[in-house]
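A closer look at the structure
Here is how the chains run, residue by residue.
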Amino acid sequence: MVVTFNLNGNPVEVEVEGRTTLVDCLRHQLGQTGTHVGCEHGVCGACTVLVDGEAVRACLTLAVQAEGVQVVTVEGLSREEDLTPLQKAFRKHHALQCGFCTPGMLTTAHALLSNEPTADADRIREVLSGNICRCTGYIPIVEAVLEARSAYPGGPPAGDAK
Amino acid sequence: MKLPRFDYARPKTLREAIGLLGATDGAKLLAGGQSLIPVMAYRLAAPPLLVDICDLEELTRITLSRSGVSLGARVRWCDIEADKRLQEAQPLLVAMISHVAHYQIRNRGTVGGSLAHADPAAEMPGFAVTCDVELVVMGSAGQRIVAAREFFLGPLETVLRPDEIIVEARIPAWQPGRRWGFEEFARRRGDFALAGIAVFFDEDAAGRMSNAHVGAIGAASYPRRLVAVEDLLNGQNATAEVIEAAGQAAGEAVDPMDDLHGSVEYRRALVSTLTERALRHAAGLQ
C-alpha cells in the first residue's frame with residue numbers, strides 16, 4: 001500500500017508492506033540511513049525519530065502509521081551544512097564514541113529540549129534512560145544536553161550547568 | 001526480527017472496526033503498538049490482520065465529572081502526564097503512570113492497549129484492579145461493562161472476546177482526604193517492575209483506616225487485590241506496628257513467579273518491603 005508523509009520538510013510517497021516498520025521504510029526505501037536499527041523491539045532507542053514533534057521508536061511504528069504525519073530524522077535536525085547547537089555540544093563534550101546510538105540520542109534530546117528547555121540533569125537522565133549507549137557511560141551525553149539547553153527558546157542562559 | 005506478514009485496515013468508525021475484528025479469525029487491534037509490535041517482532045503472535053484504530057478520535061478523551069474520571073482507550077501515557085487536572089482528581093493514577101516505560105514509548109502507548117495486553121507487571125492493569133475501575137467494552141453483541149477485577153485471567157489473557165474493543169476506563173471518584181501510596185521496584189526506572197504495590201485508604205474521625213485497597217503487580221500471573229492485607233488494615237490506626245504486620249501479610253498473600261529476574265522468595269520479600277513503604281507514604285510516616 002502507498003503511504004504519504006512529510007520527511008524532513010519534504011513530501012514523500014512510498015509503497016510499503018503492512019509489516020514494514022517506519023525505520024526500515026526510512027532506511028531501505030527512502031535512503032535515510034542516519035536513523036539506526038539496534039534491537040528492533042523497542043528497547044535501545046537507536047531508531048528514535050520525531051513524529052509530529054514527538055520522539056517515538058521507529059521500530060515500533062509501522063510505516064503505514066506515518067500516513068499524513070511530519071517525520072523528522074537526524075538528517076532533518078540541521079537544515080544547513082552547519083551542525084545544530086545540540087550536535088556541537090555533543091562534539092564538544094565527546095558525547096559519542098562509536099556513534100551508533102547518537103542519532104537516537106540527538107532526536108530524543110531535541111524533542112525533550114523543544115518541549116522542556118529547562119530540563120535538569122535528573123530529567124535528562126530519566127528521558128535518556130530509553131536510549132542505550134554502550135560506549136560513553138552517559139555522563140558526557142548528559143553534559144552536552146545540559147549545555148545545549150541555552151540554544152532552545154525558554155532555555156537557561158549559556159553557562160548554567162544545573 | 002522483521003514482523004510476520006499481515007493485512008492492514010484502518011476503519012473510520014468503531015462499528016467498522018468491530019466488524020473487521022469479527023470477520024477475520026485472529027485479527028488484532030492496533031493502537032499505539034508498543035506491546036503488540038514487539039510481540040510480533042518476537043514472532044510470539046502473527047495475527048493475519050491488524051485493525052488500526054488511529055482514526056477513532058472519540059477514544060482519545062479524558063473526561064472529569066462528579067462520578068469520576070473517564071479515560072478513552074486511546075489516551076496515551078503522555079496525555080495523562082500532561083493533564084494537570086488529574087494530579088488532584090486521581091493522584092494514584094498519575095503516580096503509577098509515571099512509572100510506565102520510557103519517554104518514546106510513553107508518546108505512543110495507550111490505556112486500552114495496556115489493559116488488553118495484560119502484562120502481569122504493567123501499571124495500568126494494576127491501577128484498574130486496585131481502584132475498582134470499570135472497563136467499557138464494545139463488540140458485535142453490543143456494549144458490556146466489566147469490572148477490572150474480573151477482566152484479567154492470566155499473563156496476556158483477559159475476558160475480552162475476539163471482536164471486542166475496550167473503549168473506555170471508568171475510574172470512580174477519588175474521595176477528598178484519601179491517603180495513598182505507590183511503590184515499585186525495577187532495575188531501571190521505566191523497565192518492567194519486579195513488583196509493585198498500590199495502596200489507598202480513607203480515615204474515620206478517629207484516624208482509623210477504612211475502605212483499604214491494596215493491589216499488587218508483578219507478584220502473580222495477573223494484578224490482584226490483597227484482601228487479607230486490606231482486612232488487617234481496616235479499623236486500625238496506621239501505626240508502625242500495623243504497617244509492619246501488613247507488609248508481612250502481603251508477602252504471604254502473593255503468588256509470585258520464579259524467573260531469571262527474581263526468585264519466589266525474593267519477590268515475596270520485595271512485596272513486603274514495598275507494601276510497608278507504600279503504607280508509610282500513605283500514612284505520612286517516614
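As the structure is a prediction and not an experimental result, all values here were calculated from the model.

1. Considering the overall build of chain A
Counting secondary structure elements, chain A contains five helices and five strands. Here the C-alpha radius of gyration of chain A, 16 Å, is about what a compact globule of 162 residues would show, namely 15 Å. Overall, the C-alpha framework of chain A stretches about 50 × 30 × 25 Å when taken along its three principal axes. In chain A, which comprises 162 residues, the share counted as buried stands at 48%. The contacts in chain A between residues at least 6 apart in sequence include a share of 58% that link residues at least 24 apart.

2. Here's the deal with the sheet that holds strand β2 (residues 28–30) of chain B
Residues and elements named next belong to chain B. Read across the sheet, three strands follow the order β1-β3-β2 without closing on themselves; strand pairing throughout is parallel. Looking at which strands have only one partner, the edges of the open sheet turn out to be β1 (7–9) and β2. Taken pair by pair, the neighbouring strands of this sheet meet at an average axis angle of 30°, ignoring direction. Strands in contact with helix α1 (residues 14–23) are β1, β2 and β3 (49–52); relative to β3, the strand with the most contacts, it is inclined by about 170°.

3. Quick notes on the domain arrangement of chain B
Residue and element names in this part refer to chain B. Considered domain by domain, chain B is made up of domain 1 (7–52), domain 2 (59–172) and domain 3 (180–283). Taking only C-alpha atoms into account, the centre of domain 2 sits 21 Å from that of domain 3. Contact residues are listed per partner, giving 23 residues for domain 2 and 20 residues for domain 3. Counting residues per element, the ones that place at least two in the side of domain 2 that touches domain 3 are α5 (91–97), α8 (123–130) and β8 (152–154). The dominant element in the side of domain 2 that touches domain 3, judged by the number of residues it contributes, is α8, at six residues. The class makeup of the residues in the side of domain 2 that touches domain 3 is 16 nonpolar, five polar and two charged.

4. Considerations on the interface of chain A and chain B
With 22 residues of chain A at the interface, the matching set in chain B holds 26 residues. Going through the elements one at a time, β4 (54–57) and α4 (121–128) of chain A are the ones with two or more residues in the side of chain A that touches chain B. Counting residues per element, the side of chain A that touches chain B draws most heavily on β4 of chain A, which supplies four residues. Counted by class, the side of chain A that touches chain B contains seven nonpolar, ten polar and five charged residues.

5. Re the domain arrangement of chain A
All names here are of chain A. Under the domain assignment used here, chain A contains domain 1 (2–76) and domain 2 (85–151). Summarising the inter-unit geometry, the C-alpha centres of domain 1 and domain 2 are found 21 Å apart. Taken together, the elements giving at least two residues each to the side of domain 1 that touches domain 2 come down to β3 (48–51) and β4. The class makeup of the residues in the side of domain 1 that touches domain 2 is seven nonpolar, six polar and one charged.

6. Quick word on the sheet that holds strand β4 (residues 62–65) of chain B
All names here are of chain B. The strand order across the open sheet built from five strands is β4-β5-β10-β6-β7, with neighbouring strands paired in antiparallel fashion. Only two strands of the sheet have a single partner each, and these edge strands are β4 and β7 (142–147). Strand-to-strand twist across the sheet, computed as the mean angle between neighbouring axes with direction ignored, equals 20°. Note that strand β6 (residues 134–139) and β7 share six bridges and pair antiparallel. Each bridged residue has a counterpart across the sheet, and for V137 the counterpart in β7 is R144. Contacting β6 and β10 (165–172), α1 crosses the sheet at an angle of about 120° to β10.

7. Topic: unusual backbone geometry
At N8 of chain A, a position not held by glycine, the phi torsion is positive, near 50°. Along the chain, N8 of chain A turns up in the loop between β1 (2–7) and β2 (10–15). We note that L156 of chain B has phi near 60°; this positive angle belongs to a residue other than glycine. Summarising the element assignment, L156 of chain B is placed in the loop between β8 and β9 (157–158). Residue L156 of chain B is classed as partly exposed on the basis of its 17 C-beta neighbours within 10 Å.

8. Describing the pairing of β7 of chain B
For a regular strand, side chains alternate in direction, first toward one face of the sheet and then toward the other. Burial of β7 of chain B is sparse: only zero of the six residues sit out of reach of the surface. Hairpin connection between β6 of chain B and β7 of chain B: a loop of two residues separates the two successive antiparallel strands.

9. Some remarks on the nonpolar core
Residues and elements named next belong to chain B. Counting residues in each nonpolar core, the largest one holds 140 residues, and the members touching the most others are V51 and V199. The element that contributes the greatest number of residues to this core is helix α11 (residues 264–283), accounting for seven residues. Setting aside anything within four residues of it in sequence, one finds V199 in contact with W180, G181, H213, V214, A278, L279 and A282.

The rules we used
Residue numbers run consecutively from 1 along every chain, following the written order of its sequence. Chain A is the first chain written and ligand 1 is the first ligand written, with later ones labelled in order. Residue-level local features of this predicted model are given only where pLDDT is at least 70; pairs of side-chain atoms are given and counted only at 80 or more, and the full residue set underlies all totals for whole chains, interfaces and linings. Helix and strand definitions follow DSSP, with helices as H or I runs of at least four residues and strands as E runs of at least two, each counted in order from the N terminus. Our radius of gyration looks at C-alpha atoms and nothing else; its globule reference is 2.2 Å times the residue count to the power 0.38. Between the buried cut of 20 or more and the exposed cut of 12 or fewer other C-beta atoms within 10 Å of a residue's own C-beta lies the partly exposed class, and all C-beta atoms are placed from the backbone. Here, residue contact means that the backbone-derived C-beta atoms of the two residues sit within 7 Å. A pair of strands is treated as paired once DSSP finds two or more bridges between them. Every angle, taken between N-to-C directions, lies between 0 and 180 degrees, and every axis is a line fitted to C-alpha atoms, over only the stretch in contact when it is a helix. Those domain boundaries reflect an automatic or database domain assignment. Here the term charged refers only to Asp, Glu, Lys and Arg, the term nonpolar to Ala, Val, Leu, Ile, Met, Phe, Trp, Tyr, Cys and Pro, and the term polar to all other amino acids, Gly among them. The term nonpolar core means buried Ala, Val, Leu, Ile, Met, Phe, Trp, Tyr and Cys residues held together as one set by C-beta atoms within 7 Å.

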